[in-house]
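Descriptive structure summary
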Amino acid sequence: MTDSSSKSALAIHWFRQDLRLSDNPALTAAVKVGKLLPIYILDDQNSGEHKMGGASRWWLHYSLTALNKSLQGKLRVFHGDATEILPRLAQETGTKTVTWNRCYEPWRINRDKKILTDLEHLGVEVISTNGSLLWEPWDVLKADGTPYRVFTPFYRKGCLKGTAPRKPIKVPENITFSDDKGTGAAVTISDLSLLSSNWDIKKSPDWVPGEKGAQDRIRYFLDNGIKGYNKGRDFPAAEKCSNLSPHLHLGEISPHQIWYSLAFQAHLLESGEDLDQFQMELAWREFSYSLLFYNADLPDTNLQKKFDYFQWRKDETALQAWQTGNTGIPFVDAGMRELWQTGFMHNRVRMVAASFLVKNLMIDWKEGARWFWDCLVDADLANNSASWQWVAGCGADAAPYFRIFNPATQGVRFDPKGEYTRKYVPELAGLPDKWLFNPWEAPKEVLDAAGIVLDETYPAPIVDLKTSRQRALDAFSDMKEKQPS
Ligand SMILES: Cc1cc2nc3c(=O)[nH]c(=O)nc-3n(C[C@H](O)[C@H](O)[C@H](O)COP(=O)(O)OP(=O)(O)OC[C@H]3O[C@@H](n4cnc5c(N)ncnc54)[C@H](O)[C@@H]3O)c2cc1C
């Protein structure tokens, strides 16, 4: 990379959810045009209620810092309305080309359409490419041209029988940076105040936001996680999952890079099922994006309209107990505390904690989705909305509402030695495995020996699992009766 060049044309590359230099087709296109002006805009104006949550902002701060370093400190950062900032900057600098990788959230699509029109009026060419999906939503449709609503045919017939994902591309060579900055009010990364919320995520020393962190993470996963992934991925203490989701969300690594590095490694795996399962998980991400693309109201409304008749409960005390990991149900509390302390929660525990909220507590899934949105470092509008609807039973291809996880038996099954639960609920550490997931049933002498007094050192359960399960099933029956035939 150099600073000066005989190239005179200038291209702005607008970094969004593609905070990387490798396998970045829009960046590569910009570099081919001439000198590069790389920019990032924190746009809290067009995002409305879907603006980034606190934990994602924490991640973004470090990710932008890493990106800026890779760009030799040349990243220009703005805070405000991208529909004003970008056309103005193009005009001020006389740029004739703007490049970006496509985003798929409804608010971003609407905003980008407006910017595209405005730039074209100014005589600026926009090059938009696919940098974040293996298959874009319009490439995976049923024979009748409509989108899939069921995952398995989406993946098996739509994705796998379609065109193979493109191969990753290298970091563009000979990037020359423009010194032309325009007069617009650029700010520093610190000025974005991304670290201002009260997160304690530093407690998880493993997170390394940025492209290098993502590359290190996949190498670690290929060396240690993928072998045995199929069975191990459900056990939170087994550490068989990749933890790539926050890197993927901000595009520090592309799914193409992951897909092909896995395929490259396939011959080292004893069985194909680990690879198949992992690729299928990546495809769930693609499915979520397709659902969001074709259902712009996915984050806010039930995909299955019959759920509009479901009688959710309003219970602020129970909601707070859930949010803070004080429900008295150890496996749920472990998950909610992991979330608060690390900005992350293992997928199995996400399912159990979410199910407890919507079924045992009968609190609207949107309350849970909002909390996750603020707390997750991987908060992703497509994945979060689709997953919550899946758990609640109101989504596409969802788990049926009447299938209700028992969080105590889930703990016994998926944390058999209690390592995960004891780590995040240390006040129960002294309990024998037999009572760890249901301390309310433990004999008094067992609790005494472990130094536990229910409702003093650890909460008694805020609901009875059996009766709350039945209450949810009754409400489900009511819903079916209430909806118009
Ligand atoms: C209630 C709930 C909310 C969720 N919210 C989010 C969210 O905001 N952001 C998010 O990225 N994921 C979300 N998920 C999906 C899943 O829990 C995470 O993607 C996964 O735990 C990330 O860990 P990993 O990278 O180690 O996954 P791995 O098991 O290593 O999987 C690899 C990648 O596949 C994708 N993936 C895996 N499982 C799923 C899934 N069920 N749905 C969609 N994509 C998947 C992710 O991109 C993940 O990084 C949610 C799940 C539930 C049940």
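Residues numbered from 1 in each chain as written. Predicted model: local features only at pLDDT ≥ 70, side-chain atom pairs only at ≥ 80, totals over all residues. Heavy atoms only, no water.

Quick notes on the layout of surface pockets
- Approximately 1,200 Å³ is the volume attributed to the largest pocket.
- Of all elements in the fold, only α8 (245-249), α10 (272-294), α13 (347-360) and α15 (381-392) reach the threshold of two or more residues within the lining of the largest pocket.
- Among the elements that take part in the lining of the largest pocket, α10 stands out by supplying eight residues, more than any other.
- Here the residues of the lining of the largest pocket are counted per class, giving 22 nonpolar, 10 polar and eight charged.
- When residues of the lining of the largest pocket are sorted by domain, at least three fall in each of domain 2 (133-170 + 211-294) and domain 3 (305-482). (1 Å grid on protein atoms, 1.4 Å probe; cavity = no way out; pocket = protein on both sides within 12 Å on 5 of 7 lines; lining within 4 Å. Points joined across faces, edges and corners; volume = space filled by probe spheres on them. Helix = DSSP H or I, 4+ residues; strand = E, 2+ residues; numbered from the N terminus. Nonpolar A, V, L, I, M, F, W, Y, C, P; charged D, E, K, R; others polar. Domains from an automatic or database assignment.)

Here's the deal with empty space enclosed by the protein
- Using the criterion set out here, one finds two cavities of 30 Å³ or more in the structure.
- Q17, Y40, M52, W107 and R108 are, among the 23 residues lining the largest cavity, the residues nearest its centre.
- For the lining of the largest cavity, the elements supplying multiple residues, two or more each, are β1 (10-15), β2 (35-42) and α4 (106-121).
- Split by residue class, the lining of the largest cavity holds 11 nonpolar, five polar and seven charged.
- Both domains that meet at the lining of the largest cavity, namely domain 1 (10-132) and domain 3 (305-482), each give it at least three residues.
- A volume near 60 Å³ is recorded for the second largest cavity.

Here we look at unusual backbone geometry
- A positive phi is found at S193, a non-glycine position, where the angle reads about 50°.
- By the secondary structure assignment, S193 is in the loop between α5 (151-159) and α6 (211-224).
- Of the residues examined, S193 reaches a relative accessible area of 44% and is grouped as partly exposed. (Buried < 20%, exposed > 50% of the residue type's maximum accessible area, 1.4 Å probe, protein only.)

Considering the site of the ligand
- What surrounds the ligand is a group of 26 residues, the closest being Y229, S242, N243, N347 and D378.
- Within the side chain of E281, a nitrogen or oxygen atom sits 3.2 Å from a nitrogen atom of the ligand.
- In the model, a nitrogen atom of the ligand is placed 3.4 Å from a nitrogen or oxygen of the R350 side chain.
- With the chains in place, 95% of the 820 Å² that the ligand exposes on its own is no longer accessible.
- Here the ligand occupies the largest pocket.
- Secondary structure elements with two or more residues in the shell around the ligand: α8, α10, α13 and α15. (Near = heavy atom within 4 Å. Polar contact = N/O pair within 3.5 Å; in protein donor to acceptor, adjacent residues only side chain to side chain. Areas by Shrake-Rupley, 256 points an atom, 1.4 Å probe, with all protein chains shown as cover. Sits in = over half its atoms within 2 Å of the grid points.)

Structural notes on the UniProt feature "site: Electron transfer via tryptophanyl radical" (unreviewed entry) in the chain
- Look at the UniProt record and you will see "site: Electron transfer via tryptophanyl radical" (unreviewed entry) annotated at W312, W365 and W388. Of the annotated positions named here, the largest pocket is lined by W388.
- Accessibility expressed as a relative area gives 0% for W365, which makes it buried.
- Excluding its chain neighbours within four sequence positions, the residues that come into contact with W365 are L298, P299, D300, T301, N302, W312, V358, S385, W388, Q389, A392 and C394.
- Within the element layout of this structure, W388 appears in helix α15. (UniProt positions renumbered as here; feature names shortened; annotations may be inferred. Contact = heavy atoms within 4.5 Å.)

Quick look at the sheet that holds β2
- The five strands lie next to each other as β3-β2-β1-β4-β5, forming an open sheet whose pairing is parallel. Of all strands in the sheet, those with a lone pairing partner are β3 (76-79) and β5 (125-129), marking the two edges. Between one strand axis and the next, the sheet turns by 25° as a mean value, whatever way the strands run.
- Relative to β5, strand β4 (residues 97-101) is paired through five bridges, and the arrangement is parallel. In the strand pairing of β5, W100 is matched with S128.
- Where helix α1 (residues 25-33) meets the sheet, its contacts fall on β1, β2, β4 and β5, and the angle it forms with β4 comes to roughly 165°. (Pairing = 2+ DSSP bridges. Axes fitted to C-alpha atoms, helices over the stretch in contact; angles between N-to-C directions.)

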